[in-house]
Amino acid sequence: MSLISRIREVGNGTDSGLSSKVPISPVQLRALLQEQIPSEKLAKMVAENPILAENEVRSVCRRLFEDDALPGMAKCGDDLRERMTDALVDGIFGFGPIEGLLADRYVTEVMVNGMHSVYYERGGVLHPSGKGFSSEEEIRALIDRIIGPLGRRIDESSPMVNARLDDGSRVNAVIPPISRSGPLLTIRRFSDHVITLREMVGLGSIDEPMERFLTWAVVARKNIAVSGGTGTGKTTLLNALSCEIPGSERVITIEDSAELRFLGHPHVVSLEARPMNAEGEGEVSIRQIVMNALRMRPDRIVVGECRGAEALDMLQAMNTGHDGSLTTLHANSPEDALLRLMTMVRYAAELPVDVIERQIASALDLGVQIARDAAGNRFVTQVVEYRFNAERGKAQAEVVYERAYADARGKWWMVPAWIDELETLCLARRGEVESWKRSIL
């Protein structure tokens, strides 16, 4: 028996599960709408003509509220009817309970952990939102609405999906049987404003000597790997470093999901990997793009994150005339970054360990480790130089700079030899370099 028939039977006293003495609930209203417009039909209407679909939803809601045969409708005043209809429309065409969070430009991440658990990140700290969804079906409908226009699919045979919204936000969704808490949704948002190294000084992430050092490293075309854990600000720092690339150079960015912003650079080509479609075809991997990028006359290659076999091609590019390339790695320390790179290179080719380590040490000049503390402060904790120790036959990370925690003053352990070459390369004046050396003592 349909829900409408069941509700109407309340008037005849044949169903005690529903009462005409209380207003109809939002869950019941949504169920009534779905009986009038099935989910598949509504999804198709939304995709083809969102304005027409919204008008149809509002029209159906209006007819339901005006149906005297439906107990509970008469108890809904005009204000309640409007609020319920608006909430239903937001749930169908917007983001429902998380609409307000996504409208807040200071919220950087929204996490839906089930019907009654929604968290958000602001300023690097997690907060409960106090909001929730009325049902798991509402979360599933939101996930489908997000990934549907992107040509992605999520179901029991493929219970995980990664996607990107039009504004660049990164979306991850997981559903049962992988998730035991119902449908899960995580949305990572990125600001339109690009944070520069100068602004990072103001935020306390780096100090002025580090700002100058990193700027020199970029203009001197040093290959740099930014490493850190999830949410530490690797992409933010990578973007800040990229802002220092001279405008006369051609930059090619390669990402799994486009996050980098080059708003002020005149010559940037942005490439993005493509996952396989619902039929299991059409995948374009980062490794394929890296290999193709070498034929596009790049001055510099910026890989958003190395996480697989593309690491070998990235290292080869750095070793074959594409100095000044940048990338990020998930790692807890620069030493761990070396181990991760070795593992990733072995995904691509069976090479002797010493050959891989020599390749890494030859390709990478600097490693920059970034971290986030419990208060949400992000800061550079280490800078290292990667070198190959011929006696030991191993790549090693020599510490240049260390900073224990956000409020601490960093300690410089050495001055890389290339700093003294800046004057010869016409990248800095001798007095400027000497002044910088005095400032780090």
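Our subject is the structure that appears above.
This text gives an overview of the structure that appears in the document. Quick caveat: nothing in here was measured; it's all calculated off a predicted structure.

**Brief notes about empty space enclosed by the protein**
(1) Moving on: All told, the structure shown has one cavity of 30 Å³ or more when counted by the stated rule.
(2) Moving on: Element by element, the count of residues in the lining of the largest cavity is highest for helix α12 (residues 310–319), at four residues.
(3) Moving on: When its residues are assigned to classes, the lining of the largest cavity shows seven nonpolar, one polar and no charged.

**Description of the packing of aromatic side chains**
(1) Moving on: A full pass over the atoms with the stated rule returns six aromatic pairs.
(2) Moving on: Here Phe213 and Trp436 contribute two aromatic rings whose centre-to-centre distance is 6.0 Å and whose plane-to-plane angle is 15°, an arrangement assigned as stacked. Highlighted residues: Phe213 in helix α9 (residues 208–219) and Trp436 in helix α15 (residues 430–439), separated in sequence by 223 residues. Neither Phe213 nor Trp436 differs from the other in exposure class; each is buried.
(3) Moving on: Just above the ring of Trp413 sits the side chain of Lys411; from NZ or CZ to the centre is 4.8 Å.

**Points about the sheet that holds strand β6 (residues 184–188)**
Remark on secondary structure: sheet strands pair via backbone hydrogen bonds, oriented parallel or antiparallel.
(1) Moving on: Spatially, six strands are ordered β3-β2-β1-β6-β5-β4 in an open sheet, and the strand pairing comes out antiparallel. Two strands close off the open sheet at either side, each with one partner strand: β3 (125–128) and β4 (160–164). Each strand of the sheet is rotated relative to its neighbour by a mean of 15°, with strand direction disregarded.
(2) Moving on: In this structure, β4 lies alongside strand β5 (residues 170–174), joined through five bridges in antiparallel fashion.

**Quick notes on the environment of Arg300**
(1) Moving on: Within the secondary structure layout, Arg300 lies in strand β10 (residues 300–303).
(2) Moving on: Taking the C-alpha atoms as reference points, Arg300 and Val251, 49 residues apart in sequence, are found 5.0 Å from one another.
(3) Moving on: With residues near it in sequence (within four places) discarded, Arg300 still touches Val218, Val219, Arg221, Ile245, Pro246, Glu249, Arg250, Val251, Ile252, Asp323, Gly324 and Ser325.
(4) Moving on: In terms of polar contacts, Arg300 uses its side chain to reach the backbone carbonyl oxygen of Gly324, at 3.3 Å.

**Things to note about the layout of surface pockets**
(1) Moving on: Volume-wise, the second largest pocket comes out at about 820 Å³.
(2) Moving on: Forming the boundary of the second largest pocket are 32 residues, of which Ile92, Ala141, Asp144, Arg145 and Ile146 lie nearest the centre.
(3) Moving on: Looking at the lining of the second largest pocket, the elements that each hand over two or more residues are α2 (26–36), α3 (39–48), α5 (78–93) and α7 (136–147).
(4) Moving on: It is α7 that contributes the most residues to the lining of the second largest pocket, seven residues altogether.

**Quick word on the pairing of strand β1 (residues 107–112)**
(1) Moving on: Burial analysis of β1 places five of its six residues in the buried class, the great majority of the element.
(2) Moving on: Sheet topology places β1 next to strand β2 (residues 118–122); five bridges connect them, and they run antiparallel. Bridging across to β2, Val112 finds its partner in Val118.
(3) Moving on: Between β1 and the antiparallel strand that follows it, β2, lie five residues; Gly114 among them carries a positive phi value of about 135°.
(4) Moving on: Bridge analysis of β1 against β6 gives four bridges, and the strand direction is antiparallel.

Rules used throughout
- Residues numbered from 1 in each chain as written.
- Predicted model: local features only at pLDDT ≥ 70, side-chain atom pairs only at ≥ 80, totals over all residues.
- Heavy atoms only, no water.
- 1 Å grid on protein atoms, 1.4 Å probe; cavity = no way out; pocket = protein on both sides within 12 Å on 5 of 7 lines; lining within 4 Å.
- Points joined across faces, edges and corners; volume = space filled by probe spheres on them.
- Helix = DSSP H or I, 4+ residues; strand = E, 2+ residues; numbered from the N terminus.
- Nonpolar A, V, L, I, M, F, W, Y, C, P; charged D, E, K, R; others polar.
- Phe/Tyr/Trp six-rings, centres within 6.5 Å; stacked < 30°, edge-to-face > 60°.
- Buried < 20%, exposed > 50% of the residue type's maximum accessible area, 1.4 Å probe, protein only.
- Lys NZ or Arg CZ within 6 Å of the ring centre and 35° of its normal.
- Pairing = 2+ DSSP bridges.
- Axes fitted to C-alpha atoms, helices over the stretch in contact; angles between N-to-C directions.
- Contact = heavy atoms within 4.5 Å.
- Polar contact = N/O pair within 3.5 Å; in protein donor to acceptor, adjacent residues only side chain to side chain.

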